[in-house]
Amino acid sequence: MAASTIVSTTLPPDAKIKPLLQADYSDLVAINFQVDDQILKPLVPAGLELDYFAGETFVSLVAMKIKRLKIWGLPFSLIPAFPEISLRFYVRRTRGDKSENGTCLIKDYVGGATAAWYLQSQFKSEFAKLKIQGKSQGFAPNEIPEVEYRWKHDDQWNNLRVRARSRITNTGTGTKVGFILEHSNYFASQKGRTIAYRVERPQWEVWDAAQANFNCDVKNLFGRAFIKPLSKRPASVFVSVGSHVTVYRPIEIR
């Protein structure tokens, strides 16, 4: 794992006052779809705009495990680890010649009522509970990862299973994977305000996918508007071992 820390935006210094959340994000899978920007524009918080790559906008379904969670520096000992599945899109904030980028969540599910309640109480955002199972292998040196997540909704199992192929060595600006990875900060709308969470993490190691299977009740989990986009061939799929992540307390930007 590279030692350098990436901060994908130029959020002002007061965004980095005190960590709100510290955790290990692991066994991460991102399946990315091109989507019509007209679907996303009504979801963009005030003061932000959609971010485009090569003239296109994207949503990502991201599944991962969250381990060793701390809120305000205190361990969340009730649940040592839990899975999360979210659908997100990419935005930016332009101020003069500076651009700040990040993600907005369309819907976020976590494995279990306790984790959902606790995260919602701290972030003041909706975290829905869902029965989620995850398993992985192959993250040791010289191995090839395989990751699978299953989640149950209305007595129906959905799944995302990815078998990796090789490490992606070029994740810089100008690459599709780099575009996804560099949007590590979070923006959200809360009671008419737009807030920003600054995120710091090491540069992630990522693998592209040799095979990906995705089956999901998109309509009931994420909304009718995303049925068609998430039914298309993905624009990209990648796997990451993840890293330790620090999320700083939010600041109001609008």
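The structure displayed is predicted, hence computed values, not measured ones.

Calculation notes
- Residues numbered from 1 in each chain as written.
- Predicted model: local features only at pLDDT ≥ 70, side-chain atom pairs only at ≥ 80, totals over all residues.
- Heavy atoms only, no water.
- Helix = DSSP H or I, 4+ residues; strand = E, 2+ residues; numbered from the N terminus.
- Buried < 20%, exposed > 50% of the residue type's maximum accessible area, 1.4 Å probe, protein only.
- Contact = heavy atoms within 4.5 Å.
- Lys, Arg positive; Asp, Glu negative; His and termini not counted.
- Charge placed at Lys NZ, Arg CZ, Asp CG, Glu CD.
- 1 Å grid on protein atoms, 1.4 Å probe; cavity = no way out; pocket = protein on both sides within 12 Å on 5 of 7 lines; lining within 4 Å.
- Points joined across faces, edges and corners; volume = space filled by probe spheres on them.
- Pairing = 2+ DSSP bridges.
- Salt bridge = Lys/Arg side-chain N within 4 Å of Asp/Glu carboxyl O.

Colleague: Got a minute to help me understand the overall build of the chain in this structure?
Modeller: Tallying secondary structure elements over the chain gives four helices and 16 strands in all. Seen through its principal axes, the chain has C-alpha atoms that stretch 45 × 45 × 40 Å. Residue burial in the chain is summarised as follows: out of 254 residues, 52% are buried. Taking the contacts inside the chain whose residues are at least 6 apart along the sequence as the reference set, 72% of them involve residues at least 24 apart. Here the chain contributes 35 positively and 24 negatively charged side chains, and the mean placements of these two sets differ by 3 Å.

Colleague: Even after reading the chapter, I still don't get unusual backbone geometry, so can you show me in this structure?
Modeller: The bulk of non-glycine residues show a negative phi, and the bulk of peptide bonds are trans. One non-glycine residue, Ala54, lies in the positive phi region at around 50°. On the secondary structure map, Ala54 appears in the loop between strand 3 (49-50) and strand 4 (57-71). Looking at Ala54, the relative accessible area reads 72%, which means it is exposed. Positioned with a positive phi, Asn142 is a non-glycine residue whose angle comes to about 70°. In this structure, Asn142 sits in the loop between strand 8 (128-137) and strand 9 (146-153).

Colleague: Would you mind showing me how to read the environment of Thr169 here?
Modeller: Relative to the helices and strands, Thr169 is located in the loop between strand 10 (156-167) and helix 3 (176-182). Between the alpha carbons of Thr169 and Val206 there is a distance of 8.1 Å; along the sequence they are 37 residues apart.

Colleague: Honestly, empty space enclosed by the protein in this entry has me stumped. Any pointers?
Modeller: Left-over empty space is what a probe sized like a water molecule reveals as it rolls over the atoms. A full pass over the atoms with the stated rule returns one cavity of 30 Å³ or more. By volume, the largest cavity amounts to about 210 Å³. Every residue lining the largest cavity is counted, 18 residues in all, and those nearest its centre are Leu28, Arg88, His183, Arg201 and Trp204. A total of three residues in the lining of the largest cavity trace back to one element, the largest contributor, which is strand 2 (residues 19-35).

Colleague: It is not clear to me how the pairing of strand 15 (residues 236-248) should be interpreted in this structure. Could you clarify?
Modeller: Taken across its 13 residues, strand 15 has eleven buried, putting it largely inside the fold. Here strand 2 runs beside strand 15; their pairing, made up of twelve bridges, is antiparallel. Counterpart to Asp24 in the pairing with strand 15 is His244. Summarising the sheet, strand 13 (residues 199-202) and strand 15 pair through two bridges and their orientation is antiparallel. Bridge pairing in strand 15 links Glu200 to Thr246. Pairing of strand 14 (residues 206-215) with strand 15, which is carried by three bridges, proceeds in the antiparallel orientation. Across the sheet, Trp207 pairs through a bridge with Val239, a residue of strand 15.

Colleague: Explanation requested: helix 2 (residues 113-123) in the structure shown.
Modeller: The α-helix winds at 3.6 residues per turn, so residues separated by three or four positions along the chain end up facing the same way. Three or more residues of helix 2 are buried, namely Ala115, Ala116, Tyr118, Leu119 and Phe123. Backbone geometry just downstream of helix 2 places Lys124 in the positive-phi region, at approximately 55°.

Colleague: Hey, could you run me through the pattern of salt bridges in this one?
Modeller: Two side chains that carry opposite charge are able to pair once their charged atoms sit near each other. Throughout the structure, instances matching the rule amount to twelve salt bridges. We note a salt bridge from Lys135 to Glu148, for which the minimum N-O separation is 3.8 Å. Within this pair, whereas Lys135 is found in strand 8, its partner Glu148 is found in strand 9, the two being separated by 13 residues in sequence. With relative accessibility at 55%, the residue Lys135 sits in the exposed group. According to the relative accessible area criterion, Glu148 is buried, its value standing at 15%. Linking Glu252 and Arg193 is a salt bridge whose minimum nitrogen-to-oxygen distance equals 3.4 Å.

Colleague: For this particular structure, what's the right way to read the pairing of strand 8?
Modeller: Two faces make up the sheet, and in a regular strand the side chains alternate between them. Alignment of strand 7 (residues 98-111) against strand 8, held across three bridges, turns out to be parallel. Its bridge partner lying in strand 8, Tyr109 is registered against Ala128. Where strand 8 meets strand 9, seven bridges bridge the pair, whose relative direction is antiparallel. Residue Ile132 lies in a different strand from strand 9, and its bridge partner there is Trp151.

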